[in-house]
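Reading the structure
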Amino acid sequence: MGKYENLGEYKDASAEQKLAILAIEMTTPITIAHGHATILKMAIDSQSIQIPHALQESINKLVEAANDLKELREVLFSQNNQAL
């Protein structure tokens with residue numbers, strides 16, 4: 001059984017309800033990914049750890065993607081709240 005399998009009960013929900021659920025359910029995974037990626041980037045930037053350049057670039061892309069997801073969630077959630 002998947003972690004979000006119980007959300008299947010909302011398959012017939014309105015788009016607004018689905019958006020609200022998505023915004024809420026995305027919060028924790030985005031926060032975790034953003035936090036860990038930021039910690040890794042800070043360690044690299046402070047030169048606390050030495051890693052290959054290719055891995056540094058991957059971590060930078062991960063931080064950027066996590067920032068984008070966080071911003072997207074905030075925009076969608078605020079739009080959803082205004083619609084409700």
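Details of the structure are given in the entry above.
One structure accompanies this document, and this report is about it.

Calculation criteria
- Residues numbered from 1 in each chain as written.
- Predicted model: local features only at pLDDT ≥ 70, side-chain atom pairs only at ≥ 80, totals over all residues.
- Heavy atoms only, no water.
- Salt bridge = Lys/Arg side-chain N within 4 Å of Asp/Glu carboxyl O.
- Helix = DSSP H or I, 4+ residues; strand = E, 2+ residues; numbered from the N terminus.
- Buried < 20%, exposed > 50% of the residue type's maximum accessible area, 1.4 Å probe, protein only.
- Expected span 1.5 Å × (residues − 1).
- Bend = angle between axes of the 7 residues up to and from the residue.
- Contact = heavy atoms within 4.5 Å.
- Core = buried A, V, L, I, M, F, W, Y, C linked by side-chain atoms within 4.5 Å.

A few points about the pattern of salt bridges
- By the definition in use, this model includes 1 salt bridge.
- One salt bridge in this structure joins Asp 45 and Lys 41, with 2.9 Å as the shortest N-O distance. Within this pair, Asp 45 and its partner Lys 41 are both found in helix 1 (residues 15-45), separated by 4 residues, close to a single helical turn.
- Asp 45 sits in the exposed class, given a relative accessible area of 53%.

Some points on helix 1
- The end-to-end C-alpha distance of helix 1 is 42 Å, a good match for the 45 Å that 31 residues give at a rise of 1.5 Å each.
- Thr 27 marks the point of greatest bend in helix 1, at about 35°, and the proline Pro 29 comes within the next four residues.
- Burial in helix 1 covers these residues: Ala 20, Ala 23, Met 26, Ile 30, His 34, Ala 37, Ala 43 and Ile 44.
- Among the residues trailing helix 1, Gln 47 stands out with phi positive, at a value near 60°.

Regarding the side chain of His 34
- Following the sequence through the fold, His 34 ends up in helix 1.
- Judged by relative accessible area, which is 17%, His 34 ranks as buried.
- Contact partners of His 34, with chain neighbours within four places excluded, come to Ala 66, Asn 67 and Lys 70.

A word on the nonpolar core
- Within the largest apolar cluster, 5 residues are counted, these being Ala 37, Ile 44, Ile 51, Ile 59 and Val 63.
- Of all elements in the fold, only helix 1 and helix 2 (53-83) reach the threshold of two or more residues within this core.
- Other than its neighbours up to four places away in sequence, Val 63 contacts Ala 37, Thr 38 and Lys 41.

A closer look at the environment of Ser 58
- By secondary structure assignment, the location of Ser 58 is in helix 2.
- On the basis of relative accessible area, Ser 58 is assigned to the partly exposed category, the value being 42%.
- In this structure the C-alpha to C-alpha distance between Ser 58 and Ala 37, which are 21 residues apart in sequence, comes to 10.0 Å.

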